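Structural characterization, general
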Amino acid sequence: MRNDSYTHEKLSPHLWRIIDSTGVCCYLVAGTEKACLLDTTNGLGNIKEYVQCLTDRPVFVVLTHAHLDHMGSSGLFDEVYLNLEDLPVYRFKTSKGHRLLDAERRLKLQVSDISELPPIYDGAFQPLFDGQCFELGGITIQMISVKGHTPGMMCALLKEEAIAIFGDACGVAVMLMDEFSSNVSEYRESLLHLKEYETQYDVVYRNHGTFTSPKELLDNVIECCDLVLAGKDDRVPIQAHGHDLFLCHKLKPGTYERMDGKEGNLLYLAEKVK
Ligand SMILES: [Zn+2]
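First, a word on what this report is: a plain description of the structure on this page. Computed from a predicted model, the values in this text were never measured in an experiment.

Definitions and cut-offs
- Residues numbered from 1 in each chain as written.
- Predicted model: local features only at pLDDT ≥ 70, side-chain atom pairs only at ≥ 80, totals over all residues.
- Heavy atoms only, no water.
- 1 Å grid on protein atoms, 1.4 Å probe; cavity = no way out; pocket = protein on both sides within 12 Å on 5 of 7 lines; lining within 4 Å.
- Points joined across faces, edges and corners; volume = space filled by probe spheres on them.
- Helix = DSSP H or I, 4+ residues; strand = E, 2+ residues; numbered from the N terminus.
- Nonpolar A, V, L, I, M, F, W, Y, C, P; charged D, E, K, R; others polar.
- Donors = N, O, S within 2.8 Å, 3.2 Å for Na, K, Ca; no water.
- Tetrahedral: all angles 85-135°; square planar, octahedral: opposite > 155°, others 65-115°.
- Buried < 20%, exposed > 50% of the residue type's maximum accessible area, 1.4 Å probe, protein only.
- Pairing = 2+ DSSP bridges.
- Contact = heavy atoms within 4.5 Å.
- Axes fitted to C-alpha atoms, helices over the stretch in contact; angles between N-to-C directions.

For the rest of this paragraph, the subject is empty space enclosed by the protein. Evaluated as defined, the whole model comprises one cavity of 30 Å³ or more. Along the walls of the largest cavity sit N42, L68, G72, R99, D102, A103, R106, L107, L117, P118 and I120, which together make up its complete lining. No other element matches the three residues that helix α4 (residues 96–105) contributes to the lining of the largest cavity. Tallied by class, residues from the lining of the largest cavity come to six nonpolar, two polar and three charged.

Okay, here's the thing in structure tokens:
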């Protein structure tokens, strides 16, 4: 296992953002009793030791979904939660062939065996479900199911601090990119479920890019779904992760910014709209 370094920033009295060497982040929430690590990044280093420098509370892991850039090195921990709807994604992503290809293409690593890669949890997952709360002592995390990017995709709400962690569920360029992702119509329903919590948070965090979004992001992505469902989006053809996708809104050349300056965009498969 490579021992690349992490960096971190403290975002609130109970919350830290930990960023890995590829620019993906995860979140540590620590209360007076326990600490919860929301995702583990690509895990190119010992994230367990890094986390132990930030908190002396016992740490358990909650995986927001089963993509490799969110669950690397989760195998260093004993207690790991995952929405079991994501088990088919987990099995596919952790298969030997897929992991070696991902290491070579995305992480630019030269490895011949998956044992050289960061260990991914392979025990029985603790189940994660919509509405589930974790009381950490002075801070409570409530999980919200937002099926779309993956079938078991979960967001986290830090109740006492009015912070929502959208993860990959809703963002600058949401990817409904493969056979596991929802169609646009189902995804829109998930976003409406997330919107039920809108009065309970003031801040939105994500795991990629700028990591922070304005609250309007959610409405903007719901609007993306409406445009796609009405056949009125820009429908820009784009290749990503080996799939031919369409992008809802055109981008300013050389950027990820929409022409109208709003934040929130959607990538989808032509055959998975309704
Ligand atoms: Zn993802």
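We are not done yet, so read on.
A few words now on the coordination of the zinc ion. Around the zinc ion, the protein supplies H65 (NE2), H67 (ND1), H149 (NE2) and D168 (OD) as donor atoms, at distances of 2.1 to 2.4 Å. Around the zinc ion sit four donor atoms, and with donor-metal-donor angles ranging over 88 to 173 degrees the site reads as irregular.

Further remarks concern the layout of surface pockets. By volume, the largest pocket is sized at about 1500 Å³. Together, 47 residues line the largest pocket, and D69, A173, M175, H208 and H241 are the ones closest to its centre. At the level of elements, α2 (68–71), α3 (87–93), α4, β12 (174–176), β15 (236–240) and β16 (243–247) are the ones that each hand at least two residues to the lining of the largest pocket. Per-element tally for the lining of the largest pocket: the top contributor is α4, with four residues.

In terms of residue burial, strand β10 (residues 154–158) counts as a mostly covered element, since five of its five residues are buried. Alternating residues of β10 divide into M154, A156 and L158 and C155 and L157, and every residue in both groups is buried. Pairing geometry for strand β9 (residues 140–145) and β10, over five bridges, is antiparallel. Bridge assignment links Q142 to a residue of β10, and that residue is L157. With three bridges joining them, β10 and strand β11 (residues 163–165) adopt antiparallel strand pairing.

As a further point, take the environment of V80. Along the chain, V80 falls in strand β6 (residues 80–82). Contacts of V80, omitting those with residues within four sequence positions, involve V61, L63, S74, Y121, F125 and Q126.

Another point: the sheet that holds β12. Pairing is mixed in the open sheet, where four strands are placed in the order β12-β17-β16-β15. Because the sheet does not close on itself, it has two edges, and the strands there are β12 and β15. Across this sheet, the average inter-strand angle for adjacent strands is 30 degrees, counted without regard to direction. Note: β15 against β16, five bridges, orientation antiparallel. For V236, the partnering residue across the bridge sits in β16 and is L247.

If you walk across this open sheet you meet the seven strands as β1-β2-β3-β4-β5-β6-β7, and the pairing is mixed. Since the sheet does not close on itself, it has two edges, and those belong to β1 (7–12) and β7 (126–127), each with one partner. One ladder, built from four bridges, connects strand β3 (residues 25–30) with strand β4 (residues 35–38); its direction is antiparallel. Looking at β4, one finds that L28 is bridged to L37.

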